[in-house]
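Each chain is listed here by its residues.
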Amino acid sequence: DVQLQASGGGLVQPGGSLRLSCVASGFTFGDYALGWFRQAPGKEREGVSCISTDGGNTFYADFVKGRFTISRDNAKNTVYLQMNSLKAEDTAVYYCATGSPYCTVVFGYPEFGSWGQGTLVTVSS
């Protein structure tokens, strides 16, 4: 059974940083792309970032590019999201997700993916 456990969220000041982690189990981690999504209160879920199976390719939404960095450690079955220069509009529950070897599919068909519980990031002064 697929398990995705995100952690690392919390309350930070605008301009601050957080590193999210997601530990996965129940599937062959290195065979799947991993994505990060977020959902703010009252808003639709949106894709944030995705990383290819071997970590060689990364993809970012325009609203986080240059501020966030995704990485993975296949030996630890873990994907990370380093978030810098945080803004109030980054406030959301952040979820890690998978379901395909390809980021285009993870982002394009999230309704068919596997999801974790998410971790809450609050950016506020």
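Refer to the structure above for everything that follows.
Rules of the game
Residues numbered from 1 in each chain as written. Predicted model: local features only at pLDDT ≥ 70, side-chain atom pairs only at ≥ 80, totals over all residues. Heavy atoms only, no water. Helix = DSSP H or I, 4+ residues; strand = E, 2+ residues; numbered from the N terminus. Rg over C-alpha atoms; globule rule 2.2 N^0.38 Å. Core = buried A, V, L, I, M, F, W, Y, C linked by side-chain atoms within 4.5 Å. Buried < 20%, exposed > 50% of the residue type's maximum accessible area, 1.4 Å probe, protein only. Contact = heavy atoms within 4.5 Å. Disulfide = S-S within 2.5 Å.

1. Examining the overall build of the chain
Along the chain, the regular secondary structure elements total 1 helix and 11 strands. When the helices and strands of the chain are placed in sequence order, the string is β-β-β-β-β-β-β-β-β-α-β-β. In summary, the chain has a C-alpha radius of gyration of 13 Å against a globular reference of 14 Å for 125 residues, a match within 12%. Seen through its principal axes, the chain has C-alpha atoms that stretch 40 × 30 × 25 Å.

2. Regarding the nonpolar core
Across soluble globular proteins, nonpolar side chains have a tendency to be buried as a group. Trp36, Phe68, Val79, Leu81, Met83 and Tyr94 are the most contacted members of the largest nonpolar core, which has 27 residues in total. At the level of elements, strand E1 (3-7), strand E3 (18-25), strand E4 (34-39), strand E5 (46-51), strand E7 (68-73), strand E8 (78-83), strand E9 (92-98) and strand E11 (119-123) are the ones that each hand at least two residues to this core. Among residues more than four places away in sequence, those in contact with Val79 are Leu20, Ser21, Cys22, Phe29, Leu34, Trp36, Ile51, Ile70, Ser71, Arg72 and Cys96. Ala33, Phe37, Ala97 and Cys103 belong to the second-largest nonpolar core, a separate cluster that totals 6 residues.

3. As for the state of the cysteines
Counting across every chain of the model gives 2 disulfides. Linked covalently through their sulfurs, Cys50 and Cys103 form a disulfide whose S-S length is 2.1 Å. Note on the Cys50 and Cys103 pair: the S-S dihedral is about -90°, so by sign convention the disulfide is left-handed. Of this pair, Cys50 sits in strand E5 while Cys103 sits in helix H1 (residues 103-108), placing them 53 residues apart in sequence. Numbered by order of appearance in the sequence, the disulfide-linked cysteines of the chain pair as 1-3, 2-4.

So, to be careful, I would describe these as geometric facts and stop short of saying anything about function.
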